[in-house]
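For reference, the chains in residue letters:
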Amino acid sequence: VSEMIVRSLVVVLFLMRAVAAAGGPDSALVEKLTATGLRTCDAYAMLARLTTAAPHRLAGSDGAARGVEISRQLMQEKGLSNVRLDPVMVPHWVRGPVEEAAILPGGAHDTVHLAVCALGGSVPTSPGGIEAEVLEVRSFEELHRRAASAKGKIVFFNRPMDPSLLETFQAYGRAVDQRGGGAVEAAMAGGVAALVRSMTLAHDNVPHTGSMGYKDSVERVPGAAVSTVGADSLSALLAREPHLRVRLRLACETLPDVPSANVLGEIVGSEHPEEVIVVGGHLDCWDKGSGAHDDGAGCMQAIEALSLLKRLGLTPRRTIRAVMFMNEENGLRGGRAYASDHAGEHHVAAIESDMGGFAPRGISVQGDSALFLGVSRWRPLFAMLGADKFVQGHSGVDISPTVARGVPGFGLDVENHRYFDYHHSDNDTLDKVNPRELEMGAIVEALLCYLISEEGLR
Ligand SMILES: [Zn+2]
């Protein structure tokens with residue numbers, strides 16, 4: 001009983017502080033941040049520059065190098081301090097000039113072209129392509145059961161993302177094993193390639209790429225994604241003609257690692273410059289679309305969060321550092337390098353936006369219950385921005401190596417019904433980003449950075 005009383009008291013104290021915060025000087029700060037940000041929506045102008053000059057920023061590419069340079073320029077133009085590049089070696093996979101697939105004519109049908117793209121990290125097919133029958137499965141378990149009939153075939157993984165789930169990230173998480181592990185599973189069953197239904201809830205003819213892996217002990221067979229429309233066509237034809245044949249040609253390859261960089265800029269803290277709050281996203285993206293939502297948005301929001309504080313003339317007590325991480329999509333080298341390069345510094349918090357540049361809904365807090373309770377006192381302020389859905393959970397992939405060292409992590413949670421319509425595909429372009437929604441994410445990050453800087457976390 002006494003524990004219950006103590007808990008109730010703690011809750012009452014937090015509520016009192018929260019009520020005080022909502023009416024106090026902090027609420028005036030929220031109003032100023034909102035008005036200043038929404039008036040010009042600078043994050044969008046920055047994102048336009050990034051995606052126009054460097055649309056394809058896959059690690060190791062010329063586009064990624066241009067992205068590094070543009071981010072550095074933007075940070076300098078916005079007046080950030082200590083703008084610099086942290087060098088990091090990154091993998092260099094290239095898509096190559098050819099990627100095509102077709103159902104070969106036979107039975108009652110002519111050639112049916114399928115919209116496909118190589119999965120990131122895939123080996124190529126032979127120049128003439130692979131021509132084989134197809135085994136359609138919905139899961140690895142089904143493939144294991146039917147392994148006897150997989151030999152020499154293209155294994156077609158066709159389990160859709162589950163549309164009945166409210167959270168699209170959950171639907172993605174429950175389907176993406178097919179993309180990441182499909183080629184290994186196909187090869188272990190004696191298959192010659194993996195063809196994977198695109199990770200999207202959209203029904204269109206656009207294939208979605210993404211990373212896939214190999215195991216040293218398993219033969220490397222090519223992996224490709226097929227559009228959802230193509231997957232449904234192939235599945236329907238297979239039902240009528242189980243022995244139809246598909247030809248798949250991919251010309252992708254892995255080249256030697258190349259030098260690249262994380263890009264950093266900051267506002268130096270006035271009282272505790274040695275205490276650092278990181279806010280960032282990943283600068284690299286797939287070579288489809290222009291990485292507008294994933295994750296040009298998160299990068300430009302981080303720069304804008306700092307720029308907003310500067311425009312308001314605020315000088316935080318602790319250092320706030322924007323970091324554009326390199327190589328999240330196919331290696332996480334930038335995130336790992338940051339954590340080890342800066343291990344000697346005192347990090348107070350690490351914040352990431354990597355769920356798309358949509359309207360913010362809240363914060364996902366990665367840390368213990370005391371941390372969660374501590375930041376929950378600020379919820380009324382975030383409610384003013386429509387972003388007071390605070391949950392305990394994952395923060396961000398790029399900051400995960402930093403968070404693994406015990407640093408509290410924070411992920412910007414956003415409205416995400418449309419995210420996977422665009423994710424890793426030609427659909428991920430600037431026109432899918434709304435300037436106000438993008439800016440609201442930057443405003444939420446600016447507020448979170450500033451509150452942590454001024455009040456600490458506990
Ligand atoms: Zn991302």
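Preceding this section is the structure that the text describes.
Residues numbered from 1 in each chain as written. Predicted model: local features only at pLDDT ≥ 70, side-chain atom pairs only at ≥ 80, totals over all residues. Heavy atoms only, no water.

Considerations on the state of the cysteines
In plain terms, the rule: The term disulfide is used for any two cysteine sulfur atoms that are within 2.5 Å. Residue exposure (1.4 Å probe, protein chains only): buried if accessible area is under 20% of the type maximum, exposed if over 50%, otherwise partly exposed.
What the rule picks out here adds up to zero disulfides. Unpaired in terms of disulfides, cysteine 285 finds its nearest cysteine sulfur in cysteine 299, a separation of 9.4 Å. Residue classification places cysteine 285 among the buried positions, given a relative accessible area of 0%. In this structure cysteine 449 is not part of a disulfide, and its nearest cysteine sulfur, from cysteine 299, lies 14 Å away.

Some thoughts on the packing of aromatic side chains
Condition: Two rings from Phe, Tyr or Trp (for Trp, the six-membered ring) form a pair when their centres are within 6.5 Å of each other. A pair whose planes differ by under 30 degrees is stacked, one over 60 is edge-to-face, and the rest are tilted. Segments assigned H or I by DSSP are reported as helices when at least four residues long, segments assigned E as strands when at least two residues long, and all are numbered from the N terminus. A ring is considered to have a charge above it if a Lys NZ or an Arg CZ atom is located within 6 Å of its centre and within 35 degrees of its normal.
Counting across every chain of the model gives 10 aromatic pairs. Between tyrosine 172 and phenylalanine 420, the ring centres sit 4.6 Å apart and the planes meet at 25°, which makes this aromatic pair stacked. Of this pair, tyrosine 172 sits in helix H6 (residues 168-173) while phenylalanine 420 sits in helix H14 (residues 419-422), placing them 248 residues apart in sequence. With relative accessibility at 14%, the residue tyrosine 172 sits in the buried group. Note on phenylalanine 358 and tyrosine 419: the rings are 6.2 Å apart at their centroids and 90° apart in plane angle, and the pair reads as edge-to-face. Note that phenylalanine 358 is positioned in the loop between strand S13 (346-352) and strand S14 (360-366) and tyrosine 419 in helix H14, a separation of 61 residues in sequence. Residue phenylalanine 358 shares its accessibility class with tyrosine 419, and that shared class is buried. A connected cluster of aromatic rings, assembled from ring pairs, spans Phe169, Tyr172, Phe358, Tyr419, Phe420 and Tyr422. Seen from the ring of tyrosine 422, lysine 432 lies directly overhead, with NZ or CZ sitting 5.8 Å from the centre.

With respect to the coordination of the zinc ion
Inclusion rule: Think of the donor list as every N, O and S atom within 2.8 Å of the metal, or within 3.2 Å for Na, K and Ca; water never makes the list, so a site can look incomplete. Sites are called tetrahedral only when four donors show all angles between 85 and 135 degrees, square planar or octahedral only when four or six donors show opposite pairs over 155 degrees and all other angles between 65 and 115, and irregular in any remaining case.
Looking at the metal site, the zinc ion is ligated by His282 (NE2), Asp294 (OD), Asp354 (OD) and Asp354 (OD), spaced 1.9 to 2.7 Å from it. Geometry at the zinc ion is irregular, judged from the four donor atoms that bind it and their angles of 52 to 145° at the metal. You can call aspartate 354 buried: its relative accessible area is 15%.

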